[in-house]
Amino acid sequence: MLASRKLIMQKQNKNKKFAKIFAFNFIYTEEHNMKEFKIAVMPGDGIGKEITEPSVNLITETAKSFGVKLNNVLVDAGAELYARTGDAFPEENFEEAKSADAIYLCAMGLPTVRYPDGTEIGPQHTLRKRLKLYAGVRPCITMPNLPLPLKDERANNLDFVIVRESIEGIFAAPRKGQLDTEDVAYNAIKVSREISEKLFDYSFKLAQSRKAAGGMGKVTCIDKANVLSSMFYFRKIFDEVKQKYPDIVADYSYVDAAALTMVRKPWSLDVCPTENLMGDILSDLASALMGGMGMSSSGEIGDNNAVFQPTHGTAPDIAGTGKANPTGMILSGGLMLEYLGTKFNSPEAVKASNVIKQAVKNAYAAGGLLPYELGGTSGWKEITAAIDKEIEKLL
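The rules behind each value
- Residues numbered from 1 in each chain as written.
- Predicted model: local features only at pLDDT ≥ 70, side-chain atom pairs only at ≥ 80, totals over all residues.
- Heavy atoms only, no water.
- Helix = DSSP H or I, 4+ residues; strand = E, 2+ residues; numbered from the N terminus.
- Rg over C-alpha atoms; globule rule 2.2 N^0.38 Å.
- Buried < 20%, exposed > 50% of the residue type's maximum accessible area, 1.4 Å probe, protein only.
- 1 Å grid on protein atoms, 1.4 Å probe; cavity = no way out; pocket = protein on both sides within 12 Å on 5 of 7 lines; lining within 4 Å.
- Points joined across faces, edges and corners; volume = space filled by probe spheres on them.
- Nonpolar A, V, L, I, M, F, W, Y, C, P; charged D, E, K, R; others polar.
- Phe/Tyr/Trp six-rings, centres within 6.5 Å; stacked < 30°, edge-to-face > 60°.
- Core = buried A, V, L, I, M, F, W, Y, C linked by side-chain atoms within 4.5 Å.
- Salt bridge = Lys/Arg side-chain N within 4 Å of Asp/Glu carboxyl O.
- Pairing = 2+ DSSP bridges.
- Right-handed = clockwise from strand over helix to strand, strands pointing away.
- Contact = heavy atoms within 4.5 Å.
- Arc of directions from axis to C-beta.
- Patch = residues over 30% accessible without salt bridge, like charges linked within 9 Å, V, L, I, M, F, W, Y side chains within 5 Å.
- Areas by Shrake-Rupley, 256 points an atom, 1.4 Å probe, with all protein chains shown as cover.
- Axes fitted to C-alpha atoms, helices over the stretch in contact; angles between N-to-C directions.
- Parallel < 35°, antiparallel > 145°, perpendicular 65-115°, else oblique.

Draft legend 1. Region of the structure containing the overall build of the chain. A count of helical and extended segments in the chain gives 11 helices and 12 strands. Scaling as 2.2 N^0.38, a compact globule of 395 residues should have a C-alpha radius of gyration of about 21 Å, and the chain matches this with 21 Å. Taking the principal axes of its C-alpha atoms as reference, the chain extends roughly 60 × 50 × 45 Å. The buried share among the 395 residues of the chain stands at 53%.

Right under this line is the structure:
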């Protein structure tokens, strides 16, 4: 599919004080009456610059097959930009990303490039906080024919979602505070009614949509309400919100018990909202259940904006070698199409999303694919080509 259609890229250079924004509008030689969306594409650093282009092309081509046109604008940000200019995310670049219907981001940060205080370069965190992207969606979907850590056959067909509250919790105030001294340091946990209600509403609505598609229809609130008063308040709001969704089962789990469940019987989970740090840790555990970070996708959802990105890092040690795994990036693009279809009432975008997700499963089910990080020899070219081949079959 990628080789069968001609892409014309129109490039506009905008010289700025600190950085350049290169705008690529993907215009096809044949014009149709299409639903159009503006997508801010942010490759970032390391392998991000390697796997973004093939992933974007695959997602754009698939969407186009369903009458959905993605106008992709390349937005520069990250550690490499900071090293060159002293600014990791210029304000004009942020505004460009903010104005998009969705943001498609790969990976940002480098171990050798830090701010003066020693912290890592992370424009993705800036997006999360400034755009109030409160729902961090972390699907756990296992693929066929991979060496997975759990031997139970049911672990080969996992399909649950962690919904990480992404702008509050213990990460709300990560820097040094007024109570800190040379001998003791504190970080406070923030739980607000406004954000918690939005998080739980999103989780219950997600469970409803999954139930309509044959899912369990269950939401499990993961917290530490037996120890922390902030988590007791978190659960109290959950109890209030669940009253609006009598068709969905409301369940509870302390975070330590949830970690145990994810190892012993993860197939019993469906939609799992949780606090920021807890979600950060549990979503990495979920990635391990899938085989690794390269297999894992994510979405950061707010009221007006959303970011979609794989959960892996920039992996500078393999950048440029062709060994990077694009699966998480491609699945994140599928999540983006689902978001666009739902938010902007475009059933065609949802159909394109379903094709992406099914094609990824079919590509791994066909055999012959094993990413480098799982001991194989499949790099981004082989994986992208296999998924593209399966997309062709489904169209």
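More follows now that the structure is in view.
Draft legend 2. Inspection of the layout of surface pockets at higher detail. The space that makes up the largest pocket amounts to roughly 1,400 Å³. Those elements giving two or more residues to the lining of the largest pocket turn out to be β6 (135-141), β7 (159-165), α5 (193-212), β11 (297-301), α9 (327-343) and α10 (347-365). Ranked by residue count, the leading element in the lining of the largest pocket is α5, at eight residues. Per-class residue counts for the lining of the largest pocket are 22 nonpolar, 10 polar and 12 charged. Considering only enclosed or pocket space, the second largest pocket measures out at about 1,000 Å³ in volume. Among the secondary structure elements, those contributing two or more residues to the lining of the second largest pocket are β5 (102-107), α4 (123-130), α8 (276-290), β11 and β12 (306-310). Per element, the largest residue contribution to the lining of the second largest pocket is six residues, and it comes from α4.

Draft legend 3. Geometry of the packing of aromatic side chains. Tallying each qualifying case throughout the model produces nine aromatic pairs. Considering the side-chain rings of Phe-37 and Phe-344, the 5.5 Å spacing of their centres and the 50° angle between planes classify their relative orientation as tilted. Taken as a pair, Phe-37 in strand β3 (residues 35-44) and Phe-344 in the loop between α9 and α10 lie far apart in primary sequence, 307 residues in all. For Phe-37, a relative accessible area of 3% translates into the label buried. Judged by centre distance (5.0 Å) and plane angle (5°), the rings of Phe-204 and Tyr-245 are stacked.

Draft legend 4. How the structure looks around the nonpolar core. The biggest cluster of nonpolar side chains holds 85 residues, and the ones touching the most others in it are Ile-39, Ile-59, Leu-70, Phe-160, Met-336, Leu-340 and Ile-387. Counting residues in hydrophobic clusters, the runner-up holds 16 residues, among them Val-75, Phe-89, Ile-103 and Leu-131.

Draft legend 5. Examining the pattern of salt bridges more closely. For the structure on display, the rule yields 20 salt bridges. Its salt-bridge partner being Asp-270, residue Arg-210 comes within 2.8 Å of it at the nearest N-O pair. Within this pair, whereas Arg-210 is found in helix α5, its partner Asp-270 is found in the loop between α7 (255-264) and β10 (271-274), the two being separated by 60 residues in sequence. Residue Arg-210 shares its accessibility class with Asp-270, and that shared class is buried.

Draft legend 6. Main features of empty space enclosed by the protein. Applying the stated criterion to the full structure yields one cavity of 30 Å³ or more. A volume near 30 Å³ is recorded for the largest cavity. In this structure, the largest cavity is lined by Glu-165, Glu-168, Gly-169, Lys-190, Val-191, Ser-196, Met-231, Phe-234 and Glu-275. Class assignment for the residues of the lining of the largest cavity results in three nonpolar, two polar and four charged.

Draft legend 7. How the structure looks around the pairing of β3. In terms of burial, β3 is largely enclosed, as seven of its 10 residues are buried. Looking at chain direction, β3 and strand β4 (residues 68-74) are connected through seven bridges and run parallel. Within the sheet, the bridge partner assigned to Ala-40 lies in β4 and is Val-73. Between the parallel pair β3 and β4, the chain is carried across by helix α1 (residues 48-65), and the sense of this crossover is right-handed. Sheet topology note: the β3/β5 ladder contains five bridges and is parallel. Among the inter-strand pairings, Gly-44 is bridged to a residue of β5, identified as Ala-107.

Draft legend 8. Seen up close, the environment of Ala-155. Here Ala-155 lies in the loop between β6 and β7. For the pair formed by Ala-155 and Asn-93, sequence separation is 62 residues and the distance between their alpha carbons is 42 Å. Those residues in contact with Ala-155 that sit more than four places away from it in its chain are Thr-142, Leu-148, Leu-150 and Trp-267.

Draft legend 9. Fine view of helix α3 (residues 91-98). Every buried residue belonging to α3 is among Asn-93, Phe-94, Glu-96 and Ala-97, and all of these are buried. One face of α3 carries all of its buried residues, which in axial projection span an arc of 160°.

Draft legend 10. View of a nonpolar patch on the surface. Together, Leu-179, Val-184 and Tyr-186 line one region of the surface with nonpolar side chains, adding up to about 300 Å² of accessible area. Within the secondary structure, Tyr-186 is located in the loop between β7 and α5.

Draft legend 11. Spotlight on the packing of α7 against α8. Following both chains from N to C, one finds α7 and α8 inclined at 5°, their axes separated by 10 Å at the closest point. Between α7 and α8, the angle is such that the two are roughly parallel. Along the contact surface, α7 presents Val-255, Ala-258, Ala-259, Met-262 and Val-263, while α8 presents Met-278, Leu-282, Leu-285, Ala-286 and Leu-289. Among the residues making up the contact of α7 with α8, the classes are represented as 10 nonpolar, no polar and no charged.

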